Amino acid sequence: MEISRIDLNGVNCCLGKQDGKFILFDTGGHLTLDKKFDNRYDELLKWLETYGCTPENLKLIVLTHGDNDHVANALTLREQFGAKIAIHENDRDLVENPNIDMMMKSFKYRSILFKLVFLVMNKQIRKITLKALDEYNKHGKFTPDIYLSDGDSLSEYGFDAQVIHLPGHTAGSIGIWTDGHDLIAGDIFTDIRKPETAPNAVNFKQLSESVRKIKTYQINKVYPGHGIPFTFDRFYKK
């Protein structure tokens, strides 16, 4: 499967292509520190058109986890493209009936610096999150079509890839391990300045266990939810 990164100005989607068919991993959405409130849908459509992804050949939408910046456009895409939406069941509430506490549950940090930044900007972050929640509740809430589990194959949808359940950032975070030994990682990893595990998580113990689990797989390239793709050996050399 051929993978293309779609950079939506701070958050990534990935577009997989195999035998003329496409699978979209994540859909973009709002970021809490955006200067302009934007769900990035128009930008996503431009990228899909650039790659030749159409309602006829987009076969599946896979969400790596339920955070708004990754799922906000899923319903609109399903309505416009007719593709089914898949997610891990542990993040079902985040997309079916989210509230402000759910959406901010992963805003926990290991770094003292990030903790201080969040403390200082808490009111602003909460305000933007509430605005995103209001828009999502009006236009974006959906019930997934497919629930994915650890070890599931995507071959029945025409793609040589496997689901890996990687809880920590959220309870239902998943990675997608392709036949080419690449990993679509969602927010398990970032690469803003260097490859590293997610700075924020619902459960850091689970996140560490998930990273150890990933190390048991043969992985060439990692596609993080934020930042640029990196070869996995760079993660060990950081």
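Residues numbered from 1 in each chain as written. Predicted model: local features only at pLDDT ≥ 70, side-chain atom pairs only at ≥ 80, totals over all residues. Heavy atoms only, no water.

## Observations regarding the side chain of Thr 27
Examined against the element boundaries, Thr 27 turns out to sit in the loop between strand E3 (21–25) and helix H1 (41–50). At 3.4 Å, the side chain of Thr 27 forms a polar contact with the backbone nitrogen of Ala 74. Setting aside residues no more than four positions away along its own chain, Thr 27 makes contact with Leu 8, Cys 13, Leu 44, Ile 61, Leu 63, His 70, Val 71, Ala 72, Asn 73, Ala 74 and Leu 77. (Helix = DSSP H or I, 4+ residues; strand = E, 2+ residues; numbered from the N terminus. Polar contact = N/O pair within 3.5 Å; in protein donor to acceptor, adjacent residues only side chain to side chain. Contact = heavy atoms within 4.5 Å.)

## Section: the side chain of His 165
Take His 165: it is sitting in strand E7 (residues 161–165). We classify His 165 as buried; its relative accessible area is 15%. Apart from residues no more than four positions distant in its own chain, His 165 is found in contact with His 88, Asn 90, Asp 150, Ala 171, Gly 172, Ser 173, Ile 174 and Lys 213. (Buried < 20%, exposed > 50% of the residue type's maximum accessible area, 1.4 Å probe, protein only.)

## Quick word on the state of the cysteines
Working definition of a disulfide: a covalent bond connecting the sulfur atoms of two cysteines. For the structure shown, the criterion picks out zero disulfides. For the unlinked cysteine Cys 14, the closest cysteine sulfur is that of Cys 13, found at 7.7 Å. Considering cysteine sulfurs only, Cys 13 is the nearest to Cys 53, which forms no disulfide, with 11 Å between them. Given a relative accessible area of 5%, Cys 53 falls into the buried group. (Disulfide = S-S within 2.5 Å.)

## Overview of the environment of Leu 15
Position of Leu 15 relative to the elements: it lies in strand E2 (residues 12–18). Among the residues examined, Leu 15 registers a relative accessible area of 2% and is labelled buried. Between the C-alpha atoms of Leu 15 and Cys 53, which are 38 residues apart in sequence, the distance is 8.9 Å. Excluding its chain neighbours within four sequence positions, the residues that come into contact with Leu 15 are Glu 2, Ile 3, Ser 4, Ile 6, Phe 22, Ile 23, Leu 24, Leu 48, Tyr 51 and Cys 53.

## Examining the pattern of salt bridges
Across all of its chains, the model carries eight salt bridges by this definition. In this structure, the salt-bridge partner of Arg 92 is Glu 89, at a minimum N-O distance of 3.5 Å. The partner of Asp 191 in a salt bridge is Arg 234, and the shortest N-O contact between them spans 3.4 Å. Of this pair, Asp 191 sits in strand E9 (residues 183–191) while Arg 234 sits in helix H8 (residues 232–237), and the two are 43 residues apart along the sequence. In this structure Asp 191 comes out as buried when scored by relative accessible area, which is 3%. The structure contains a network of salt bridges with shared partners spanning Glu 89, Arg 92 and Glu 96. (Salt bridge = Lys/Arg side-chain N within 4 Å of Asp/Glu carboxyl O.)

## Comments concerning the sheet that holds strand E6 (residues 146–148)
The strand order across the open sheet built from six strands is E1-E2-E3-E4-E5-E6, with neighbouring strands paired in mixed fashion. Every other strand in the sheet has two partners, leaving strand E1 (2–7) and E6 as the edge strands with one partner each. Ignoring which end each strand starts from, the neighbouring axes of this sheet average 25 degrees apart. Where E3 and strand E4 (residues 58–62) come together, four bridges link them in parallel fashion. Bridge pairing in E4 places Ile 23 opposite Leu 60. Here H1 sits on the sheet in contact with E1, E2 and E3, set at roughly 150 degrees to E1. Against the sheet, helix H3 (residues 74–81) engages E3, E4 and strand E5 (84–88), with an angle of about 170 degrees to E4. (Pairing = 2+ DSSP bridges. Axes fitted to C-alpha atoms, helices over the stretch in contact; angles between N-to-C directions.)

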